[in-house]
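Inside the fold
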Amino acid sequence: MMGERSEAVLETRYVFQKGDIHWKKFNVERSNTSSSPSPPKPLLIFTPTVPGEYPVILFCHGFCIRNTFYSKLLGHIVSHGFIVVAPQLFCNGMPMLGPCEVKFAGKVVDWLEEGLQPLLDENVEAKLEKVVIAGHSKGGKTAFAVALGHAKTKLSFSAIIGIDPVDGTSKVCRTVPHILTGVPRSFNLKIPVAVIGTGLGPEMGNCCTPPCAPDGVNHVEFFNESKPPCAHFVATEYGHMDVLDDDQTGIVGTLISKCMCKNGKGPRHLMRTTVGGLVVAFLRAHFNAQSKDLEAILAHPNLAPTKLHPLLYLPASTQL
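To start, this report covers the structure provided alongside it. (Residues numbered from 1 in each chain as written. Predicted model: local features only at pLDDT ≥ 70, side-chain atom pairs only at ≥ 80, totals over all residues. Heavy atoms only, no water.)

All right, on to the overall build of the protein then. Secondary structure summary: the protein contains eight helices and eleven strands in total. Going through the 320 residues of the protein one by one, you find that 55% of them count as buried. Residue pairs in contact within the protein that sit at least 24 positions apart in sequence constitute 79% of those at least 6 positions apart. When the accessible surface of the protein is split by element, carbon and sulfur atoms take 56% of a total near 14000 Å². (Helix = DSSP H or I, 4+ residues; strand = E, 2+ residues; numbered from the N terminus. Buried < 20%, exposed > 50% of the residue type's maximum accessible area, 1.4 Å probe, protein only. Contact = heavy atoms within 4.5 Å. Areas by Shrake-Rupley, 256 points an atom, 1.4 Å probe, with all protein chains shown as cover.)

Below, the structure is given as structure tokens:
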């Protein structure tokens, strides 16, 4: 019995390591091609090159952040058997206002139905009956907004994942549409929800800028307003931007990545592999009925490369 438990723990560590599925990434610009309809926004697509059927994750970037800044995180997830479509939700090189960002994220979801499959390798199939909407920071809020119906989409969603989601910078000043209500379990969602937060997000990165993920509008409230099944993980020793790649280009990229938010002292690759592993374990549990990884992480948080606390999971059977 002890041997079986140790074997299960060792196997679970695999989700925090690079998967064995080969993959590639490529850009899709807004131009008509003979093989696929033009997307409503430029896209960065990560796809396995190994034949098979794969769930699709639509990933929304954070405020002022380029989709390319998430390449290592998204690559980790794809290597475990997913297709990721990451739109660049900018307008003329500038971030969009909340309503426009939500609208265009919904348009990208609709594009998936006809536009994605022709771009994939032969025998690589997108499982559009299993579409996940996810996002980081403001993109996490955008993901929740789309899932809650603020953008009408042809496809339905099978799960939602918020990575340190933020509904504005304070309770007083939020970008519309307003998502958080302050009422526990108020989100009208009937799909699994995972919220991954950071311990340092509510802290100021410097004396000139406010916290990037303030108390009252961050991951804690997003989880509190989600209905079961829902999970909450917090990487206590890392900050809001620590899921980004290590090196960014340009002054804006450096400021956003390294200066505006409180960062953890540990190497970022540990945070990325933690978040990537949690995403993989959560989706496997709900898509493939393979819950051993999620159960092992909940029982043994030290399996993760970073410190996780708290770990909360409310199954669908939870009575509220």
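From this point, things continue past the structure.
Where helix 2 (residues 71–78) contacts helix 7 (residues 268–287), the two axes come as close as 9 Å, and the packing angle between them is 35°. The crossing of helix 2 and helix 7 is right-handed. Where helix 2 approaches helix 7, its residues Lys72, Leu73, His76 and Ile77 are matched on the opposing element by Arg272, Thr273, Val275, Gly276, Gly277, Val279 and Val280. Considering only residue class, the contact of helix 2 with helix 7 consists of five nonpolar, four polar and two charged. (Axes fitted to C-alpha atoms, helices over the stretch in contact; angles between N-to-C directions. Left-handed = near helix turned anticlockwise from the far one by under 90°. Nonpolar A, V, L, I, M, F, W, Y, C, P; charged D, E, K, R; others polar.)

A few words on the packing of aromatic side chains. Applying the stated criterion across every chain yields a total of five aromatic pairs. Aromatic side chains phenylalanine 59 and tyrosine 70 sit 4.8 Å apart centroid to centroid with 65° between the ring planes, which places their arrangement in the edge-to-face category. Placement of phenylalanine 59 in strand 3 (residues 52–60) and of tyrosine 70 in the loop between strand 3 and helix 2 is noted, with a sequence separation of eleven residues between them. With centroids separated by 5.3 Å and ring planes inclined at 40°, the aromatic side chains of phenylalanine 144 and phenylalanine 187 adopt a geometry described as tilted. Pair noted here: phenylalanine 144 is in helix 4 (residues 138–147) and phenylalanine 187 is in the loop between strand 8 (159–163) and strand 9 (193–198), with a separation of 43 residues, a long-range link. In terms of burial, phenylalanine 144 and phenylalanine 187 fall into one category: buried. (Phe/Tyr/Trp six-rings, centres within 6.5 Å; stacked < 30°, edge-to-face > 60°.)

What follows deals with the state of the cysteines. For the structure on display, the rule yields one disulfide. One disulfide bridge connects cysteine 212 with cysteine 261, the sulfur atoms lying 1.9 Å from each other. Because the sign of the S-S torsion sets the handedness, a value of about -90° for the bond joining cysteine 212 and cysteine 261 places this disulfide among the left-handed ones. Residue cysteine 212 is located in the loop between strand 9 and helix 5 (219–224), and its partner cysteine 261 is located in the loop between helix 6 (250–259) and helix 7; the two are separated by 49 residues in the primary sequence. Taken as a pair, cysteine 212 and cysteine 261 share a single burial class, namely buried. (Disulfide = S-S within 2.5 Å.)

Attention now goes to the pattern of salt bridges. Taken as a whole and assessed by the stated rule, the structure comprises eight salt bridges. Its salt-bridge partner being aspartate 121, residue lysine 24 comes within 2.8 Å of it at the nearest N-O pair. Placement of the pair is lysine 24 in strand 1 (residues 23–28) and aspartate 121 in the loop between helix 3 (98–115) and strand 7 (124–136), with a sequence separation of 97 residues. Note that aspartate 242 is salt-bridged to arginine 268, the shortest N-O span being 3.0 Å. Of this pair, aspartate 242 sits in the loop between strand 10 (230–235) and helix 6 while arginine 268 is found in helix 7, placing the two residues 26 residues apart along the sequence. One continuous salt-bridge network, built from bridges that share partners, spans Lys72, Asp246 and Arg272. (Salt bridge = Lys/Arg side-chain N within 4 Å of Asp/Glu carboxyl O.)

Moving on, we get to the sheet that holds strand 10. What links the strands of a sheet is backbone hydrogen bonding, and the strands pair in either a parallel or an antiparallel sense. Taking strand neighbours across the sheet as the criterion, the nine strands line up as 1-2-4-3-7-8-9-10-11 in an open arrangement whose pairing is mixed. The sheet is open, and its two edges are formed by strand 1 and strand 11 (308–314), each paired on a single side. Ignoring which end each strand starts from, the neighbouring axes of this sheet average 15° apart. Pairing analysis gives three bridges linking strand 3 to strand 4 (residues 83–87), with the strands arranged parallel. When the bridges of strand 4 are listed, leucine 58 appears paired with valine 85. Running over the sheet, helix 7 touches strand 3, strand 7, strand 8, strand 9, strand 10 and strand 11 and is turned about 165° from strand 9. (Pairing = 2+ DSSP bridges.)

Turning our eyes to something else, we now look at the side chain of serine 71. Positionally, serine 71 belongs in helix 2. A polar contact of 3.1 Å, which involves the side chain of serine 71, links it to the side chain of lysine 25. Only 2.8 Å separates the side chain of serine 71 from the backbone oxygen of threonine 68, close enough to count as a polar contact. Not counting chain neighbours up to four residues away, the residues in contact with serine 71 comprise Lys25, Leu44, Phe46 and Asp245. (Polar contact = N/O pair within 3.5 Å; in protein donor to acceptor, adjacent residues only side chain to side chain.)

The next point concerns unusual backbone geometry. Cis rather than trans, the peptide bond between proline 228 and proline 229 has omega equal to 0°. Inspection of the secondary structure puts proline 229 in the loop between helix 5 and strand 10. A cis geometry characterises the amide bond from histidine 309 onward to proline 310, with omega recorded as -10°. Positive phi outside glycine occurs at serine 137, with the angle close to 60°. With respect to the helices and strands, serine 137 occurs in the loop between strand 7 and helix 4. A relative accessible area of 8% places serine 137 in the buried class.

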